[in-house]
Amino acid sequence: MGAVAQLVLKPGRDQALRRRHPWLFSGAIARIEGDPSPGDLVEVRAASGEWLARGAWSASEQLVAKLWTFDPDEAVDEDFFRRRLSRAFALRRRLWPHDPAGAERLVAAEGDDLPGVVVDRYGEYAVLQCLSAGADRQRELLARLIGELAGVRGVFERSDAEIRAREKLPETTGVCWGEEPPEAVEIVENGARFAVDLRHGHKTGFYLDQRVNRAVVAALAAGKRVLNAFCYTGGFGVAAALAGAKEVCNVDSSAEALARAGENFARNQLDSGTCEFINADVFSLLRKFRAERRRFDLIVLDPPKLVESRKSLMRGARAYKDMALIAFQLLAPGGTLVNFSCSGLMEPALFQKITADAALDAGVSARTLYRLSQSPDHPVSLRVPEGAYLKGLVSVI
């Protein structure tokens, strides 16, 4: 191995690193001493020459390095990754006991001081995502350590997220340690059973970040007429039905996801007579329901990311408002709206304002019962507040 490249910062551009934020942007760099390749270890120094951090070089044009450590005496080697993984896994056991049939996020990238590394466990199998050049360089080591420390039968890689393109990394999927997972892995969450497709499902197969929020919805659902919009494979709908909902209407634009939602309802032996599955565009269907004067007692709006960049923020804000406005109009007196945004660029204050404006335009008086976020196995580093991407409101009229 050659000499480690040195990244020397411009004067006054070291504040973020002194606060131990693990992202380094190109505009902060005065010069590069050496010729690093993507994934190579680099050292970061202040303009004065003072050592600041050690991380991995990226091919990204803007975010040029993600930093592993701010300790000059900490080597980035196998023991480093073993310590970080062990600490992350131990945190989950502080949250809840190990459930061999359960599912959880074991590593949440910056939230566990492992930028670019995501690990989810589904029963006896783990899914690894390497979302940065530094993580990608360590994939074999990470997979082996995950298999050893998490006690799983196999580790499947799902490094197929769009974010990899920013670092000029190809999509990579497949078994990277141990056994091949089955076509569908059954998990149990709060007594509900779900089949998860580790190979092709959204994210790593299931929306684990909504675990606690599904329990919140279940607690509100008994005896209610429920609309589960953007239902994907039925998570909120199954939780509501098992909690005693009077009826559950599941809507998604993906026929394949909707079919899997139906399978998950059947897997939980839920009465098909009280469950409805509609393959449609949610925005159009909400308007149709409004025209038909259909009413619900509990509505869940959990759309995909509607804000991909700052340029699309206002367009996304209008979409969130339109949905919430019609949803408020569809609620029966005393009804409850649970609406979410998973767009990191959507600030909580703006999301609340959008929801408040929607209620005002709908002509209803709404009160907030809960403010929701991602489940605690998706921790947010106080040094990286950008990690708090999911926000939700439970509003009653």
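Structure first, text after, so check above.
Criteria and thresholds
Residues numbered from 1 in each chain as written. Predicted model: local features only at pLDDT ≥ 70, side-chain atom pairs only at ≥ 80, totals over all residues. Heavy atoms only, no water. Helix = DSSP H or I, 4+ residues; strand = E, 2+ residues; numbered from the N terminus. Rg over C-alpha atoms; globule rule 2.2 N^0.38 Å. Buried < 20%, exposed > 50% of the residue type's maximum accessible area, 1.4 Å probe, protein only. Areas by Shrake-Rupley, 256 points an atom, 1.4 Å probe, with all protein chains shown as cover. Contact = heavy atoms within 4.5 Å. Pairing = 2+ DSSP bridges. Axes fitted to C-alpha atoms, helices over the stretch in contact; angles between N-to-C directions. Parallel < 35°, antiparallel > 145°, perpendicular 65-115°, else oblique. Left-handed = near helix turned anticlockwise from the far one by under 90°. Right-handed = clockwise from strand over helix to strand, strands pointing away. Expected span 1.5 Å × (residues − 1). Arc of directions from axis to C-beta. Polar contact = N/O pair within 3.5 Å; in protein donor to acceptor, adjacent residues only side chain to side chain. Phe/Tyr/Trp six-rings, centres within 6.5 Å; stacked < 30°, edge-to-face > 60°. Lys NZ or Arg CZ within 6 Å of the ring centre and 35° of its normal.

(A) Structural detail: the overall build of the protein. Looking only at helices and strands, one finds 11 helices and 20 strands in the protein. For 397 residues, the compact-globule estimate of 2.2 N^0.38 gives 21 Å, and the protein sits close to it at 23 Å. For the C-alpha atoms alone, the extent of the protein along its principal axes is close to 70 × 45 × 35 Å. Of all 397 residues assigned to the protein, the portion counted as buried reaches 54%. If you sum the accessible surface of the protein, you get close to 17,600 Å²; carbon and sulfur atoms cover 51% of it.

(B) Broad picture of the environment of leucine 24. As for its placement among the helices and strands, leucine 24 is situated in strand 2 (residues 23-25). Separated by 38 residues in the primary sequence, leucine 24 and glutamine 62 have C-alpha atoms spaced 8.4 Å apart. Not counting chain neighbours up to four residues away, the residues in contact with leucine 24 comprise Leu7, Leu9, Leu17, Ile29, Val44, Gln62, Leu63, Val64 and Ala65.

(C) Examining the sheet that holds strand 9 (residues 125-130) more closely. On the basis of which strands lie adjacent, the open sheet formed by 5 strands has the order 7-8-9-10-11 and mixed pairing. Of all the strands in the sheet, the pair left with one neighbour each is strand 7 (103-108) and strand 11 (172-178). Recorded for the sheet is a direction-independent mean angle of 20° between the axes of neighbouring strands. Most of the contacts of helix 4 (residues 139-150) go to strand 9, to which it runs at about 155°, and overall it touches strand 7, strand 8 (117-122), strand 9, strand 10 (154-159) and strand 11.

(D) Molecular detail of the sheet that holds strand 5 (residues 51-57). With mixed pairing, 6 strands are arranged side by side in an open sheet as 2-6-5-4-1-3. Across the chains shown, the open sheet's two edge strands, defined by having one partner strand only, are strand 2 and strand 3 (29-33). In this sheet, neighbouring strand axes are inclined to one another by 35° on average, regardless of whether the strands run parallel or antiparallel. Examined bridge by bridge, strand 1 (residues 5-9) and strand 3 share 4 bridges and lie antiparallel to one another. Residue pairing for strand 3: leucine 9 is matched across the bridge by isoleucine 29.

(E) Structural view of the environment of aspartate 35. As for its position among the elements, aspartate 35 is in the loop between strand 3 and strand 4 (41-45). We classify aspartate 35 as exposed; its relative accessible area is 72%. Placed 151 residues apart in sequence, aspartate 35 and glutamate 186 show a C-alpha to C-alpha distance of 47 Å.

(F) Region of interest: the packing of helix 10 (residues 313-330) against helix 11 (residues 348-362). Put simply, helix 10 and helix 11 touch, their axes get as near as 8 Å, and they point 45° apart. Between helix 10 and helix 11, the angle falls in the class oblique. Of the two elements, helix 10 crosses helix 11, and the hand of that crossing is right-handed. When helix 10 is examined against helix 11, the residues Leu313, Ala317, Tyr320, Lys321, Ala324, Leu325, Phe328 and Gln329 are found in contact with a partner set consisting of Leu350, Phe351, Ile354, Thr355, Asp357, Ala358, Ala359, Asp361 and Ala362.

(G) Spatial organisation of the pairing of strand 17 (residues 296-301). The buried fraction of strand 17 is high, at 6 of 6 residues. As defined by bridge partners, strand 14 (residues 225-229) adjoins strand 17 across 4 bridges and the pair is classed as parallel. By the bridge assignment for strand 17, leucine 227 is matched with isoleucine 299. Taken together, strand 17, helix 10 and strand 18 (residues 331-341) constitute a β-α-β crossover, and its handedness is right-handed.

(H) A look at helix 2 (residues 78-95). A rise of 1.5 Å per residue sets the reference length of helix 2, with its 18 residues, at 26 Å; its end C-alpha atoms lie 26 Å apart and thus fit the reference within 8%. Within the sequence span of helix 2, burial applies to Phe80, Phe81, Arg84, Leu85, Ala88, Phe89 and Arg92. Along the long axis of helix 2, the arc covered by the buried residues comes to 155°, so they all point the same way. Those residues of helix 2 hidden inside the fold are in contact with strand 6 (63-69), strand 7 and helix 4. Sitting at the head of helix 2, aspartate 77 places a side-chain oxygen 3.2 Å from the backbone nitrogen of aspartate 79.

(I) Looking closely at the packing of aromatic side chains. Under the defined criterion, the tally for this structure stands at 10 aromatic pairs. Ring geometry for tryptophan 68 and phenylalanine 80: centres 6.2 Å apart, planes at 70°, overall edge-to-face. Of this pair, tryptophan 68 sits in strand 6 while phenylalanine 80 sits in helix 2, placing them 12 residues apart in sequence. Counting every residue linked through ring pairs, the aromatic cluster contains Trp68, Phe80 and Phe81. Positioned above the aromatic ring of tryptophan 96, the side-chain terminus of arginine 211 is 3.6 Å from the ring centre. If you follow arginine 294 out to its NZ or CZ, it ends over the ring of phenylalanine 289, 4.8 Å from the centre.

(J) Quick look at the packing of helix 2 against helix 4. The geometry of helix 2 relative to helix 4 is characterised by a closest axis approach of 10 Å and an angle of 45° between their N-to-C directions. Taken together, the axes of helix 2 and helix 4 are oblique relative to one another. Along this stretch, helix 2 crosses helix 4, giving a crossing that reads as right-handed. Of the residues in helix 4, those in contact with Glu78, Phe81, Arg82, Leu85, Ser86 and Phe89 of helix 2 are Leu141, Leu142, Arg144, Leu145, Ile146, Glu148, Leu149 and Ala150.

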